[in-house]
Amino acid sequence: MTQHYTRERAVEKLLESYKAYYNIKLSDETQKPLKAVCEFFEHSEKFVLSRKAELWSADCEEFIYLYETQHLTKELFEKCRDFAKEDGLNRANIGPGHMYTYITPVFVCDTCDEAAKKAVKRCRIYKSFQFSLHGWMDFHVAVYEVSSNTIFTNAAGRCVGKVLKNVLFQKKRRCF
């Protein structure tokens, strides 16, 4: 049996799980429906004997925009999608050594229009930088609809959907 959440409790649960890996910046009331921006940065490198003899390095980033709204419409989705894309690209550190940036709007809503569901599923945003020499940006979208207790994503966001299922629908483990 899966749990049913209120919109507010689902957002709390997601933020609680994100705080282990992300820098979380809560938004104020003027930025509604945005609840928080979660930032993740990773730097990997390989060197020989000394850090000066670097073989390669890679910088990876992810920005999650957590939105909470009572009803998700196509217009609201498009407005939030455009804001997340623009803000995420402004936050990204594109250049030598950049591998990828994931921009991920996550919506928690009570209900969702059919037009908004179609827009989410058809959302395909991808951008390469310097013919991928400076990495790429991929846009993942996920929606948790509280009333039907379902999660749906765009094609690139399937991995985000799996994470949401693990966080929101995890089964309680029994200890014997």
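Relevant structure appears above.
First things first, this report covers the structure right here in the doc. A quick note: this is a predicted structure, and the numbers were derived from the prediction, not measured.

## Notes on the packing of aromatic side chains
Here comes step 1: Counted under the stated rule, the structure contains 9 aromatic pairs.
Here comes step 2: On the basis of an interplanar angle of 15° and a centroid distance of 5.0 Å, the ring pair of Tyr 67 and Phe 107 is categorised as stacked. You can see Tyr 67 sitting in strand S3 (residues 54–72) and its partner Phe 107 sitting in strand S4 (residues 98–112), a full 40 residues away along the chain.
Here comes step 3: On the accessibility criterion, Phe 107 (1% relative accessible area) is buried.
Here comes step 4: Members of the aromatic cluster, connected to one another through ring pairs, are Tyr 18, Tyr 22 and Phe 40.

## Points about the pairing of strand S8 (residues 150–153)
Here comes step 1: Bridge count for strand S7 (residues 142–145) against S8 is 4 bridges, and the pairing is antiparallel. Directly across from Val 143, in S8, lies its bridge partner Phe 152.
Here comes step 2: Here S7 hands over to S8 after 4 residues, with Asn 149 in that stretch at a positive phi of 55°.

## Section: unusual backbone geometry
Here comes step 1: Residue Pro 33 is reached from Lys 32 by a cis peptide bond, and omega for that bond is 10°.
Here comes step 2: Inspection of the secondary structure puts Pro 33 in the loop between strand S1 (23–26) and strand S2 (34–47).
Here comes step 3: One non-glycine residue, Asn 149, lies in positive phi territory at about 55°.

## Quick notes on the pattern of salt bridges
When charged atoms on two side chains of opposite charge get close, those side chains can pair.
Here comes step 1: Scanning the entire structure with this criterion turns up 13 salt bridges.
Here comes step 2: Among the salt bridges present, the one from Glu 68 reaches Arg 7, with a minimum N-O distance of 3.2 Å. Linking Glu 68 in strand S3 with Arg 7 in helix H1 (residues 7–18), this pair joins segments that are 61 residues apart in sequence. Side by side, Glu 68 and Arg 7 carry an identical accessibility label, which is buried.
Here comes step 3: Linked by salt bridges that have partners in common, Arg 7, Glu 8, Lys 35, Glu 68 and Asp 110 make up one network.

About the cut-offs
Residues numbered from 1 in each chain as written. Predicted model: local features only at pLDDT ≥ 70, side-chain atom pairs only at ≥ 80, totals over all residues. Heavy atoms only, no water. Phe/Tyr/Trp six-rings, centres within 6.5 Å; stacked < 30°, edge-to-face > 60°. Helix = DSSP H or I, 4+ residues; strand = E, 2+ residues; numbered from the N terminus. Buried < 20%, exposed > 50% of the residue type's maximum accessible area, 1.4 Å probe, protein only. Pairing = 2+ DSSP bridges. Salt bridge = Lys/Arg side-chain N within 4 Å of Asp/Glu carboxyl O.

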